[in-house]
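The residues making up each chain are set out below.
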Amino acid sequence: MDTDDGWPDSASAWIADQGEAGDFSRRHVLDAPMLARVARSGARTALDVGCGEGRFCRMLAAAGIAATGIDPTEALLEAARARHPGGDYRRGQAEALDLADGGYDLVVSYLTLLDIADIGRAIPEMARVLRPGGRLLIANMNSFFTAGPPEGWTTGADGTRRFCLDHYLEARADWVAWRGIRIRNWHRPMETYMALLLGQGLLLRHYAEPAPVGGDPAMAARYRRVPYFHIMEWQKPAAK
Ligand SMILES: C[S@@+](CC[C@H](N)C(=O)[O-])C[C@H]1O[C@@H](n2cnc3c(N)ncnc32)[C@H](O)[C@@H]1O
């Protein structure tokens with residue numbers, strides 16, 4: 001099931017980069033608001049789609065939630081199982097979840113929509129496995145940010161750093177590389193995601209563009225300059 005998206009070859013660098021606390025984006029920007037939404041949801045069961053090496057599943061478990069993690073990258077799943085022997089980690093792809101309808105109170109996609117190749121199949125699958133009334137909690141890179149590569153951050157002749165985005169309306173997959181990791185990320189206009197989520201009849205209950213809290217001030221300043229992330233929470237309507 002390993003794909004040519006760079007994840008199998010990047011797995012060890014990714015695991016090292018995350019450590020136990022997660023990278024800057026997770027530790028200082030996304031974890032706290034994501035966990036706050038989890039706590040508000042009252043969920044007892046959760047599916048983490050694209051769980052990677054399982055860090056957020058471990059956080060869900062620490063919050064008393066029975067979490068299942070699915071991911072196509074075997075090396076990441078091995079790390080998840082080693083770090084959380086009692087956990088439930090399964091190989092799978094978001095596009096075809098081998099799971100019953102309506103089985104989860106909460107479905108989480110934590111920085112995975114931009115990694116998933118066939119989003120038109122994946123979002124209906126995420127909605128399908130949610131129970132009526134359940135919540136789909138998404139952290140994703142803003143489409144304004146994913147429209148950056150291949151140029152993205154540039155340094156002008158006067159040394160000024162600027163972020164460039166271009167070809168916003170053209171969906172595409174670009175290779176991105178940092179600290180030994182080289183993966184393919186998808187850029188899609190925001191409309192693509194919104195149309196798919198609305199098309200499932202999901203109701204938007206929460207939207208945030210979280211600011212960094214703490215951490216290296218220079219890094220935090222960079223995160224404040226450009227639209228890196230958003231968090232969305234969608235609810236599946238309760239059964240009538
Ligand atoms: C940026 S990582 C995020 C991992 C984890 N959610 C976290 O926040 O640490 C993206 C993950 O998506 C997984 N992935 C790639 N394609 C996928 C697909 N089609 N379905 C589900 N997961 C996928 C990768 O293997 C990788 O673990």
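Scroll up for the structure.
Counting of residues starts from 1 at the beginning of each chain's written sequence and follows it residue by residue. Side-chain atom pairs in this predicted model are given and counted only at pLDDT of 80 or more, local residue features only at pLDDT of at least 70, and totals for whole chains, interfaces and linings cover all residues. The basis for every side-chain value is the complete set of non-hydrogen atoms in the structure, without hydrogens or water.

Colleague: Explain the overall build of the chain to me, please; I cannot follow it from the model alone.
Modeller: Counting from the N terminus, the helices are the DSSP runs of H or I reaching at least four residues and the strands are the DSSP runs of E reaching at least two. When its secondary structure is counted, the chain shows eight helices and 11 strands. C-alpha atoms define the radius of gyration, and 2.2 Å times the number of residues to the power 0.38 defines the globule rule. Computed over its C-alpha atoms, the radius of gyration of the chain comes to 17 Å, within 12% of the 18 Å expected for a compact globule of 240 residues. Expressed along its principal axes, the backbone C-alpha trace of the chain runs to roughly 60 × 40 × 35 Å. Think of it in three bands: with a 1.4 Å probe and only protein chains considered, a residue is buried below 20% of the maximum accessible area for its type, exposed above 50%, and partly exposed in between. Looking at the chain as a whole, 50% of its 240 residues are labelled buried. In this description, contact between two residues means that some pair of their heavy atoms is separated by no more than 4.5 Å. Long-range contacts, defined as pairs at least 24 residues apart, comprise 69% of the intrachain contacts of the chain with a sequence gap of at least 6. To be clear on the numbers: accessible area is Shrake-Rupley with a 1.4 Å probe, and residue cover counts the displayed protein chains and nothing else. Within the structure as shown, the chain displays about 11,100 Å² of accessible surface, and the carbon and sulfur contribution to it stands at 54%. Mean positive and mean negative side-chain charge positions of the chain (28 and 30 charges, respectively) differ by 6 Å. Counting rule for charge: Lys and Arg are taken as positive, Asp and Glu as negative, and neither His nor the chain ends is counted. Think of each charge as sitting on NZ of Lys, CZ of Arg, CG of Asp or CD of Glu.

Colleague: Mind showing me how you'd approach the site of the ligand here?
Modeller: Taken together, the neighbourhood of the ligand is formed by 19 residues, with Gly 50, Asp 71, Thr 73, Glu 95 and Tyr 110 sitting nearest. Whenever a nitrogen or oxygen atom comes within 3.5 Å of another N or O atom, the pair is scored as a polar contact, on the condition that within protein one atom can donate a hydrogen and the other can accept it, and that pairs from neighbouring residues in sequence are kept only if both atoms are in side chains. One of the side-chain N or O atoms of Arg 26 is found 2.9 Å from an oxygen atom in the ligand. Interatomic distance of 2.9 Å between a backbone N/O atom of Tyr 110 and a nitrogen atom of the ligand. Protein chains shield 97% of the accessible area of the ligand, which is 590 Å² for the free molecule. Here the residues of the shell around the ligand sort into nine nonpolar, five polar and five charged. Residues are labelled near a given molecule or strand when at least one of their non-hydrogen atoms is within 4 Å of it. When residue character is reported, Ala, Val, Leu, Ile, Met, Phe, Trp, Tyr, Cys and Pro are called nonpolar, Asp, Glu, Lys and Arg charged, and the others, Gly included, polar.

Colleague: Please explain the environment of Asp 98 as it appears in this structure.
Modeller: Within the fold, Asp 98 resides in the loop between strand S3 (88–91) and strand S4 (104–110). Classification of Asp 98 by relative accessible area gives exposed; the value is 76%. Taking C-alpha positions, Asp 98 is 11 Å from Met 126, a pair spaced 28 residues apart along the chain.

Colleague: What's the story with the nonpolar core in this structure? I'm lost.
Modeller: Nonpolar side chains in soluble globular proteins tend to end up buried together. Counting 32 residues, the largest nonpolar core has Leu 30, Met 34, Leu 60, Leu 106, Tyr 110, Tyr 228 and Phe 229 as the members making the most contacts within it. Looking at this core element by element, the count peaks at five residues for helix H2 (residues 24–41). Apart from residues no more than four positions distant in its own chain, Leu 106 is found in contact with Val 38, Ser 41, Ala 43, Thr 45, Ala 46, Leu 47, Leu 60, Leu 130, Arg 135 and Leu 137. Within this scheme, the nonpolar core is defined by two criteria: the residues are buried Ala, Val, Leu, Ile, Met, Phe, Trp, Tyr or Cys, and they are joined through side-chain atoms within 4.5 Å.

Colleague: Which parts of the structure should I look at to understand a positive patch on the surface?
Modeller: Only residues whose relative accessible area exceeds 30% and that form no salt bridge enter a patch; like-charged residues are grouped when within 9 Å of one another, and nonpolar side chains (Val, Leu, Ile, Met, Phe, Trp, Tyr) when within 5 Å. What counts as a salt bridge is simple: a side-chain nitrogen of Lys or Arg found within 4 Å of a carboxyl oxygen of Asp or Glu. On the surface, a cluster of positive charge is contributed by Arg 161, Arg 162, Arg 222 and Arg 225. Listed by contribution, the elements that provide at least two residues to the positive patch are strand S7 (161–164) and helix H8 (217–225). Take Arg 225: it is sitting in helix H8.

Colleague: How should I be thinking about the packing of H2 against H8 in this particular structure?
Modeller: Packed helices, taken two at a time, are described by their axes: the angle between them and the distance between them. A fitted line through C-alpha atoms serves as each axis, taken over the contacting stretch for helices, and the angle formed by two N-to-C directions is quoted from 0 to 180°. Remark: H2 packs on H8, axes separated minimally by 12 Å, with the N-to-C direction vectors making an angle of 60 degrees. Here H8 runs oblique to H2, going by the angle between their axes. As for the relative orientation of H2 and H8, their crossing is right-handed in sense. Contact residues: H2 offers Phe 24, Ser 25 and Val 29, while H8 offers Met 219, Ala 220 and Tyr 223. Split into classes, the residues belonging to the contact of H2 with H8 amount to five nonpolar, one polar and no charged. For classification purposes, an angle smaller than 35 degrees is called roughly parallel, one larger than 145 roughly antiparallel, one from 65 to 115 roughly perpendicular, and anything else oblique. By definition, any crossing whose near helix is turned counterclockwise from its far helix by less than a right angle is left-handed, and any crossing with a clockwise turn is right-handed.

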